[in-house]
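Residue-level structural notes
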Amino acid sequence: MLLEKKNAVIYGGGGAIGGAVARVFAREGARVFIAGRTQAKLDAVARDIAAAGGTVETAEVDVLDQLEVERHAEAVAATAGGIDIALNAVSVMHDQGTLLGELSLEEFMRPIDGFLRALFITSKAVARHMGRERPGVILTLSEPGAKLAIGGILGHGVSSAGKEAFSRLLAAELAPGNVRVVGIRPHAVVDAPAAGSYTNDLFRPTAAAAGHSVQEFLEGGLAQGTLLKRLPTLSEIAETAAFLASERAGAMTGTVVNLSGGALVD
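Residues numbered from 1 in each chain as written. Predicted model: local features only at pLDDT ≥ 70, side-chain atom pairs only at ≥ 80, totals over all residues. Heavy atoms only, no water.

Turning to the overall build of the protein chain, a few remarks are in order. The secondary structure content of the protein chain amounts to 8 helices and 7 strands. A globule of 266 residues ought to have a C-alpha radius of gyration of about 18 Å, and the protein chain, at 18 Å, matches this closely. Principal axes of the C-alpha set define a box for the protein chain whose edges measure 50 × 40 × 35 Å. Counting every position in the protein chain, which comprises 266 residues, the buried fraction comes to 50%. Considering only contacts within the protein chain whose residues lie at least 6 apart along the sequence, 72% involve residues at least 24 apart. Of the accessible surface of the protein chain, which amounts to about 12000 Å², a share of 55% is contributed by carbon and sulfur atoms. On the protein chain, the mean spot of the 24 positive side-chain charges and the mean spot of the 29 negative ones are 5 Å from each other. (Helix = DSSP H or I, 4+ residues; strand = E, 2+ residues; numbered from the N terminus. Rg over C-alpha atoms; globule rule 2.2 N^0.38 Å. Buried < 20%, exposed > 50% of the residue type's maximum accessible area, 1.4 Å probe, protein only. Contact = heavy atoms within 4.5 Å. Areas by Shrake-Rupley, 256 points an atom, 1.4 Å probe, with all protein chains shown as cover. Lys, Arg positive; Asp, Glu negative; His and termini not counted. Charge placed at Lys NZ, Arg CZ, Asp CG, Glu CD.)

This is the structure in structure tokens:
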């Protein structure tokens with residue numbers, strides 16, 4: 001198994017992407033610790049993992065509370081003997097579609113402050129329990145907005161680019177301690193709304209304005225902007241995350257893996 005005897009912490013582990021990754025990590029032999037704000041969602045993922053024979057523990061944690069996150073990471077490290085893998089899959093509701101003239105400072109800053117604050121807090125909390133004799137891996141998530149030049153995504157695009165810059169720079173800092181940092185850049189995930197993702201609410205206004213359902217907007221609109229003419233699935237993201245977290249990807253750090261279906265080629 002790819003992650004046998006590894007200890008993995010997933011923030012936002014009750015969400016669509018976080019839950020999918022947690023299930024695959026557990027299948028690949030990791031001891032999974034999922035944390036998030038909604039216990040019921042965490043419990044649902046935990047039941048799936050336990051039913052499949054995996055090992056999982058849950059914790060209700062606010063990732064924007066630095067002290068709370070640090071205490072949770074310390075407890076995990078004390079229980080498991082260290083942290084080998086961490087993923088921040090926490091979502092922050094934000095605006096997409098509003099141009100500068102109508103965009104408020106609050107809406108502009110919401111994804112920048114929310115996503116990057118959570119990424120800083122969680123990365124700092126786990127990094128001190130990683131590396132040295134046991135290789136560590138921090139996985140981050142971004143979006144094609146990091147590279148796109150289109151209107152209406154100012155806050156989203158800046159936060160996406162910030163997450164990729166953070167990942168690259170953190171990789172340089174942590175490499176001497178035997179910790180890798182790898183970003184994953186999926187596009188909108190085609191089956192995420194059905195799995196309870198916040199993107200259902202995020203894309204609904206744009207889809208409705210065009211007379212479409214969210215699923216029609218994803219499959220007939222966003223997918224057509226990719227080379228493959230399709231969007232990534234939760235399974236593809238989770239399987240890729242497991243590979244990147246494993247020793248098979250041991251030479252990869254400071255980079256971003258493009259899972260956008262070819263929305264951007266760089």
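Once you've had a look at it, read on.
It is worth spelling out the nonpolar core at this point. If you look at the biggest cluster of nonpolar residues, it comprises 38 residues, and the most contacted ones within it are Ile10, Phe25, Val32, Ile34 and Leu139. Those residues in contact with Ile34 that lie beyond four places of it in its chain are Ile10, Gly13, Ala22, Leu42, Val45, Ala46, Val56, Glu57, Thr58 and Ala59. The next biggest cluster of nonpolar side chains, apart from the first, holds 27 residues, and it includes Tyr11, Ala73, Ala118 and Val126. (Core = buried A, V, L, I, M, F, W, Y, C linked by side-chain atoms within 4.5 Å.)

Below, the discussion takes up empty space enclosed by the protein. With the rule as written, the count across this model stands at 1 cavity of 30 Å³ or more. Here the largest cavity is characterised by a volume of approximately 40 Å³. At the level of secondary structure, the elements contributing two or more residues to the lining of the largest cavity comprise β4 (85-88), α4 (105-127) and β5 (136-141). By residue class, the composition of the lining of the largest cavity is 6 nonpolar, 3 polar and no charged. (1 Å grid on protein atoms, 1.4 Å probe; cavity = no way out; pocket = protein on both sides within 12 Å on 5 of 7 lines; lining within 4 Å. Points joined across faces, edges and corners; volume = space filled by probe spheres on them. Nonpolar A, V, L, I, M, F, W, Y, C, P; charged D, E, K, R; others polar.)

This next bit is on helix α2 (residues 39-51). An ideal rise of 1.5 Å per residue puts 18 Å on 13 residues; α2 measures up with 18 Å between its terminal C-alpha atoms. For α2, the complete set of buried residues consists of Leu42, Val45, Ala46 and Ile49. An end-on view of α2 places all buried positions within 100° of arc, on one side of the element. Among the exposed residues of α2, those pointing more than 90 degrees away from its buried face are Ala40, Arg47 and Ala51. Immediately beyond the C-terminal end of α2, within one or two residues, lies Gly53, with a positive phi of roughly 90°. (Expected span 1.5 Å × (residues − 1). Arc of directions from axis to C-beta.)

A few words now on the pairing of strand β1 (residues 7-11). Taking burial as the measure, the 5 residues of β1 include 5 buried ones, the bulk of the element. By the alternation rule, side chains of β1 split into Asn7, Val9 and Tyr11 and Ala8 and Ile10, which are all buried. Here β1 pairs with strand β2 (residues 31-36) via 5 bridges, running parallel. Directly across from Val9, in β2, lies its bridge partner Phe33. After leaving β1, the chain enters helix α1 (residues 16-27) and then returns to the sheet as β2, a path that is right-handed. Across 4 bridges, the pairing between β1 and β4 is parallel. Pairing of Ile10 across the sheet is with Leu87, part of β4. (Pairing = 2+ DSSP bridges. Right-handed = clockwise from strand over helix to strand, strands pointing away.)

Looking now at helix α8 (residues 234-245). End to end, α8 covers 16 Å across 12 residues, agreeing with the expected 16 Å (1.5 Å per residue, within 8%). Of the positions making up α8, those classed as buried are Leu234, Ile237, Ala238, Thr240, Ala241, Ala242, Leu244 and Ala245.

All right, on to the layout of surface pockets then. Of the volumes computed, that of the second largest pocket is approximately 160 Å³. Every residue lining the second largest pocket is listed: Arg23, Ala26, Arg27, Gly29, Ala30, Arg31, Asp48, Ile49, Ala52, Gly53, Gly54 and Thr55. Of all the secondary-structure elements, those providing two or more residues to the lining of the second largest pocket are α1 and α2. Tallying contributions element by element places α1 first for the lining of the second largest pocket, with 3 residues. For the lining of the second largest pocket, the class distribution of residues is 4 nonpolar, 4 polar and 4 charged.

It is worth spelling out the pattern of salt bridges at this point. A full pass over the atoms with the stated rule returns 14 salt bridges. A salt bridge links Asp48 to Arg23; its shortest N-O distance comes to 2.9 Å. Here Asp48 is found in helix α2, whereas its partner Arg23 is found in helix α1, with 25 residues between them in sequence. You can call Arg23 partly exposed: its relative accessible area is 33%. We note a salt bridge from Glu57 to Arg31, for which the minimum N-O separation is 2.8 Å. Of this pair, Glu57 sits in strand β3 (residues 55-60) while Arg31 sits in strand β2, and the two are 26 residues apart along the sequence. The class of Glu57 is partly exposed, set by a relative accessible area of 32%. (Salt bridge = Lys/Arg side-chain N within 4 Å of Asp/Glu carboxyl O.)

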